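Chain residues, written in single-letter form:
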Amino acid sequence: MDSEVLVAGFLAAAVRVATPLMLAATGETITERSGVINLGLEGMMLAGALAATMGATAWGPWSGVACAIVAGMILAAAFALLAVGARADQIITGTAITLAAVGLTGTVYRQAYGSGGAGLSIPTLESVAIPGLSEIPVLGMALFDQPAPTYLALLSMPLVWWVLFRTRLGLALRATGEGAAMARAAGVRTKLIRTGATIVGGGFAGLAGASLVLAQVGSFTEGMTAGRGYVAIAIVVLGRWHPGGIALGALLFGAATALQFLLQTLGLDAPYQLFLMLPYLLTLLALAGAVGRVRAPADLGR
Amino acid sequence: MRALAWAIAAVGLGLAVLFLGLEAAGFSATAGLSALWLGAFGSWDAFTSSTLVRAVPLILIGLGISVAFRGGALNIGAEGQFYAGAIAATWVGLQLAGQPRPVAIAVLLLAAALAGLCWIVIPVWLKLRFGVIEVISTLLLNFVALSLVSFMVQGPLQEQGHIYPQSDPIAESARLPLLPGSRLHAGLILAVAGGLVLWFLFARTLWGFRLRAVGLGPRAAEVSGRIDSQGVGAMALLISGAIAGLAGGVAVSGVSYALFQNLSPGYGFTGLAVALLGGLHPIGVVISGILFGALEAGAGAMQRDAGIPAVAVYVVEAVVIVVALLATVPRGGWIGLRAVVRKRIAPGKAPG
């Protein structure tokens, strides 16, 4: 009984930690499938987190979510303007966008809440138990007694898969990522596709930031994404640019973090940092082809 | 001269954006910028103990990144290599009590550079063996390094009281000498000397020629110069990692004297801006490193004296990076940088 509670708690924590990662990585999959690698993801999540905090304080949690999505999309549009429109180097542009977002969010946050920090009592998204499903022992609590963003993440997974692999738009998008020149010759408007895919990805990143604030942490702190945007990029690689794989990858990263809580609960003095390294090392192994075959879209980053 | 004009335009635009942004956000921008200036150049103490101290790791990391860039590779894992170097430097520095100072310092710095080298060997090997792009692998290893530091300062390297997440201070003999009356350490000499050595290597040696050839066009270098472009690129990354590791060693030996969790306030990413603003030219990188050191030193003063968040200067950094990149698109701008970045964008493909 006791162990069942522990396992259920561990799984629930893993899913909760994985949710923002899953959302951001799902968006980044769309972006990367079109041949754009967006290292500004970290900044877009951060902007989303702050926008969610401010929106939720002013008009309630769901407005916060909407603000976050818009904030992510605005930053993504700036990224697309430079990296797709002006063909500036994607990696460096992405880094610059993240730097700018760190600076902007820090400044706006201090201005809005003062240096003492605030927004401690923002309205958050509570857990919503799905009747019936949440009664399933162990798994029910982990998957079906979570705040709304988790369900959004789970629902967007099959949706994105369907759009990418079963629609003409998805075909054009993947063609753009695999060979922009040929796609263009075939009549695909590649710049439009890449810009669109980047902005949609930015919206997901904003949503991820919102879920981090409103459904996981409950308040905003400067630089709170702490590299989660980069982790999401790693997850896209680990998940082989595939929505299903990404869900598993995100859960793996979530589990590594949740393990830390579990070990603390059990009072074990194990070096949890070593567990935190594992998913990154696994991603490197995946890149090297040791964990299944991995192939990036051929025109990624070009 | 054009490069210089562009660089000045980039910094000017960055500061203008900061000024307007602060005004728009309701801060007193004039007070902010004057605090920034005074904090960076206002006094001899500010210049040496703040600006130059902050410039040292930025110059070193910027130099490292520019070596990789020149060879057509992008090392965004400098943060990780910096921490690898810092860990090694701390571990070695703790063992060196009683050794003669020059020996102790040399051993410490060598260990740091080696650790940075080892840290980047993994991405280089993955690239050569499996074709894994270095951008993702070096980025991932940043997080592994952060976890490793966290483990070290709460495990094997934790201070003897086992209370604080930090290491014991390193031996006195392993600390870099200071300029009397300031916190400026001899790492500056190292950074400037590093710039001069790299300048010589780039401009005057066959190795430097090969490196630039590969960076400008790997296929052309292979076909016309029979240069092993993979090997040259790998070597550039290795050197880049070693320099970033060295920066970690210098930070421990010259400033912190101990290992902390947040030893680097994002040097790896600021280093990218430093390298780009410096036009990937070693001397340019030294100058832009000092400029960014001033910016970060001034940012601290701006927060203290004008109540403006220090992170606001990241916006300046971002603008500088973007202008530097855009300057690579039209004619003119950074010579060399343009060609290198172009090649990264569309290797072997028609632009458009």
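Bear in mind the structure is a predicted one, so any value in this text is a computation, not a measurement. (Residues numbered from 1 in each chain as written. Chains lettered and ligands numbered in written order. Predicted model: local features only at pLDDT ≥ 70, side-chain atom pairs only at ≥ 80, totals over all residues.)

Asker: What am I meant to see in the overall build of chain B here?
Answerer: When helices and strands are tallied, chain B shows 14 helices and 0 strands. Starting at the N terminus and walking to the C terminus, you meet the elements of chain B as α-α-α-α-α-α-α-α-α-α-α-α-α-α. Relative to the globule expectation of 20 Å for 352 residues, the C-alpha radius of gyration of chain B, 20 Å, shows essentially globular dimensions. Dimensions of chain B along its principal axes, counting C-alpha atoms only, are 60 × 50 × 35 Å. Expressed as a percentage of its 352 residues, the buried residues of chain B come to 59%. Restricting the contact set of chain B to residue pairs at least 6 apart, pairs at least 24 apart contribute 78%. (Helix = DSSP H or I, 4+ residues; strand = E, 2+ residues; numbered from the N terminus. Rg over C-alpha atoms; globule rule 2.2 N^0.38 Å. Buried ≥ 20, exposed ≤ 12 C-beta atoms within 10 Å, placed from the backbone. Contact = placed C-beta atoms within 7 Å.)

Asker: Which parts of the structure should I look at to understand the overall build of chain A?
Answerer: Along its length, chain A carries 12 helices and 2 strands. A globule of 302 residues ought to have a C-alpha radius of gyration of about 19 Å, and chain A, at 19 Å, matches this closely. Projected onto the principal axes, the alpha-carbon positions of chain A cover approximately 60 × 50 × 40 Å. By residue count, 56% of the 302 residues in chain A fall in the buried class. By sequence separation, contacts in chain A at least 24 residues apart represent 76% of the contacts at least 6 residues apart.

Asker: Help me understand the confidence of the model for chain B in this model?
Answerer: For any part of a model where pLDDT is low, the fine detail of the predicted coordinates should not be relied upon. Residue and element names in this part refer to chain B. Put simply, chain B has an average pLDDT of 86, and 93% of its residues get 70 or more. At the level of individual helices and strands, chain B shows its lowest average pLDDT in helix α14 (residues 337–345), which scores 50, and its highest in helix α4 (residues 78–95), which scores 95. Taken as a whole, residues 330–336 scores under 50 in pLDDT and shows 15 contacts with residues more than four places along the chain or in a different chain. When the criterion is pLDDT under 50, residues 343–352 qualifies, and its contacts beyond four places in sequence or with other chains add up to 14 contacts. Predicted complex, confidence summary: ipTM 0.83, pTM 0.87. (pLDDT = per-residue confidence, 0-100.)

Asker: I tried to follow the nonpolar core on my own but got confused; where do I start?
Answerer: One broad trend across soluble globular proteins is that nonpolar side chains are buried collectively. With 235 residues, the main nonpolar core has Ile235(A) and Ile321(B) as its most contacted residues. It is helix α10 (residues 229–256) of chain B that contributes the most residues to this core, 15 residues altogether. Here Ile321(B) is in contact with Ile92(A), Thr95(A), Ala96(A), Leu272(B), Ala273(B) and Leu276(B), once residues within four sequence places are set aside. (Core = buried A, V, L, I, M, F, W, Y, C linked by C-beta atoms within 7 Å.)

Asker: I would appreciate a short explanation of the interface of chain A and chain B in the present structure.
Answerer: A common measure of how large an interface is: the accessible area buried when the components associate. Facing 40 residues of chain A, the contacting portion of chain B comprises 39 residues. Going through the elements one at a time, α4 (90–113), α10 (228–238) and α12 (272–287) of chain A are the ones with two or more residues in the side of chain A that touches chain B. Among the elements that take part in the side of chain A that touches chain B, α4(A) stands out by supplying 16 residues, more than any other. Classifying every residue of the side of chain A that touches chain B by side-chain character gives 25 nonpolar, 10 polar and 5 charged. (Nonpolar A, V, L, I, M, F, W, Y, C, P; charged D, E, K, R; others polar.)

Asker: Would you explain the environment of Ala35(B) in this entry?
Answerer: Residue and element names in this part refer to chain B. By the element assignment, Ala35 lies in helix α2 (residues 29–41). Separated by 265 residues in the primary sequence, Ala35 and Gly300 have C-alpha atoms spaced 9.1 Å apart. Once you skip the residues sitting within four places of it in the chain, Ala35 turns out to touch Ala301, Met302, Asp305 and Ala306.

Asker: For this particular structure, what's the right way to read α4(B)?
Answerer: An α-helix turns once every 3.6 residues. As a result, residues three or four positions apart point the same way. With 18 residues, α4(B) ought to run about 26 Å at 1.5 Å a step, and its terminal C-alpha atoms sit 26 Å apart, in line with that. Of all the 18 residues making up α4(B), 15 are buried; the element is thus mostly covered by neighbouring parts of the structure. (Expected span 1.5 Å × (residues − 1).)

Asker: What am I meant to see in the packing of α4(A) against helix α13 (residues 313–326) of chain B here?
Answerer: Interaxial distance between α4(A) and α13(B) falls to 7 Å at its minimum, and their mutual angle equals 160°. The angle between α4(A) and α13(B) falls in the class roughly antiparallel. Handedness of the crossing formed by α4(A) with α13(B): left-handed. Residues Ile92(A), Thr93(A), Thr95(A), Ala96(A), Ile97(A), Leu99(A), Ala100(A), Val102(A), Gly103(A) and Leu104(A) of α4(A) touch α13(B), and the partners they reach there are Val313(B), Tyr314(B), Val315(B), Glu317(B), Ala318(B), Ile321(B), Val322(B) and Leu325(B). Looking at the contact of α4(A) with α13(B) residue by residue, the class counts come to 14 nonpolar, 3 polar and 1 charged. (Axes fitted to C-alpha atoms, helices over the stretch in contact; angles between N-to-C directions. Parallel < 35°, antiparallel > 145°, perpendicular 65-115°, else oblique. Left-handed = near helix turned anticlockwise from the far one by under 90°.)

Asker: Is there a simple way to explain the environment of Gln111(A) in this structure?
Answerer: Mapped onto the secondary structure, Gln111(A) falls in helix α4. Using a count of 18 C-beta atoms within 10 Å as the deciding quantity, one classes Gln111(A) as partly exposed.

Asker: How should unusual backbone geometry be read in this particular structure?
Answerer: Apart from glycine, the bulk of residues carry a negative phi angle, and the bulk of peptide bonds sit in the trans form. One non-glycine residue, Arg240(A), lies in the positive phi region at around 55°. Among the structural elements, Arg240(A) can be located in the loop between α10 and α11 (243–265). For Arg240(A), a count of 19 C-beta atoms within 10 Å gives the class partly exposed. The backbone of Tyr257(B) shows a phi angle near 60°, a positive value even though the residue is not glycine.

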